[in-house]
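Each chain is listed here by its residues.
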Amino acid sequence: MKLGRLNHIGVATPSIADSIAFYRDVMGATKIHDPFDLPDQGVKVCFVDTPGAGGSEGTQIELIEPLPGNASIASFLEKNPAGGQHHVCYEVPEIHAAKAWFESQGKRVLGEPRIGAHGTLIFFVHPRDMQGVLTEIMETPREAH
Ligand SMILES: CC[C@H](C(=O)O)C(=O)SCCNC(=O)CCNC(=O)[C@H](O)C(C)(C)COP(=O)(O)OP(=O)(O)OC[C@H]1O[C@@H](n2cnc3c(N)ncnc32)[C@H](O)[C@@H]1OP(=O)(O)O
Ligand SMILES: [Co+2]
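How each quantity is defined
Within each chain, residues carry numbers counting from 1 in the order of the written sequence. Key to labels: chains lettered from A, ligands numbered from 1, both in the order written. Given that the model is predicted, a residue must reach a pLDDT of at least 70 before its local features are reported, and side-chain atom pairs must reach 80 or more before they are shown or counted; all residues, however, enter totals for whole chains, interfaces and linings. By convention in this description, side-chain values take in all heavy atoms of the structure and omit both hydrogens and water. Numbering of helices and strands runs from the N terminus, with a helix taken as a DSSP run of H or I at least four residues long and a strand as a DSSP run of E at least two residues long. For the radius of gyration, the atoms used are the C-alpha atoms, and the globule rule reads 2.2 Å times the number of residues raised to 0.38. Nitrogen, oxygen and sulfur within 2.8 Å of a metal are treated as its donors, or within 3.2 Å for sodium, potassium and calcium (Na, K, Ca); water is not counted, so a site can appear incomplete. Here the metal geometry follows the donor angles, with tetrahedral for four donors whose angles all fall between 85 and 135 degrees, square planar for four and octahedral for six when opposite donors are more than 155 degrees apart and every other angle is between 65 and 115, and irregular for all the rest. Summary of the burial criterion: residues with accessible area below 20% of their type's maximum are buried, those above 50% are exposed, and those between are partly exposed, where the area comes from a 1.4 Å probe applied to protein chains only.

Student: Quick rundown of the overall build of the chain? Include the residues and the values.
Tutor: Along its length, the chain carries three helices and eight strands. The linear arrangement of helices and strands in the chain, starting from the amino end, is β-α-β-β-β-α-β-α-β-β-β. The C-alpha atoms of the chain give a radius of gyration of 15 Å, which matches the 15 Å a tight globule of 145 residues would have. Viewed in the frame of its principal axes, the chain has a C-alpha envelope of about 45 × 35 × 25 Å.

Here is the structure:
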């Protein structure tokens, strides 16, 4: 496998509104996208662009706040009440080949590929098999090819 682009860093937060103010006022972010809900994943999401994001460079901060009833982010926030780095996401050209690769390496792929927050197929690999880092693998959006 060839290491792909770091598409985003997932950051869990108890309040996307507070995090937007932080990335705008403290970090000087100039492009913060409108938050949106992903009911299937039980999260509210907001993308913060870093310089070069949207092109072939740059990356994003993916802010994720649990919607009522969400268990996994809520459990993360119980352990980390102020929020924190939740996952990293790398791009791959083809999601199923990537899934087969990680499984061939004995890594636990969590569930079947599904549509993620960028509208392309994703899967997660268990942090215990990834040096302690919950890792999201995302198929590169078609328009980027
Ligand atoms: C924006 C939407 C986005 C998308 O669709 O693109 C998402 O869906 S993000 C929304 C949340 N979805 C996910 O995180 C899916 C993948 N995560 C999982 O399946 C679980 O969270 C899992 C399996 C990583 C952990 O499950 P759980 O929290 O129930 O188990 P434990 O608390 O017992 O943790 C087990 C073990 O993993 C360590 N851990 C948990 N979360 C993380 C993390 N975010 N980063 C690193 N390590 C993590 C935890 O400390 C335990 O380690 P141990 O050594 O046993 O103490
Ligand atoms: Co993500």
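Student: I'd love a proper account of the coordination of the cobalt ion (ligand 2), names of residues and values included.
Tutor: H8 (NE2), E62 (OE), H87 (NE2) and E136 (OE) make up the full set of protein donors to the cobalt ion (ligand 2), lying at 1.9 to 2.3 Å. Considering all four donor atoms around the cobalt ion (ligand 2), angles at the metal cover 85 to 164° and the coordination shape is irregular. The sequence pattern describing where the donors of the cobalt ion (ligand 2) fall on their chain is H-x53-E-x24-H-x48-E. Within this pair, whereas H87 is found in strand β5 (residues 84–92), its partner E136 is found in strand β8 (residues 135–139), the two being separated by 49 residues in sequence. You can call H87 buried: its relative accessible area is 2%. Owing to a relative accessible area of 3%, E136 belongs among the buried residues under this scheme.

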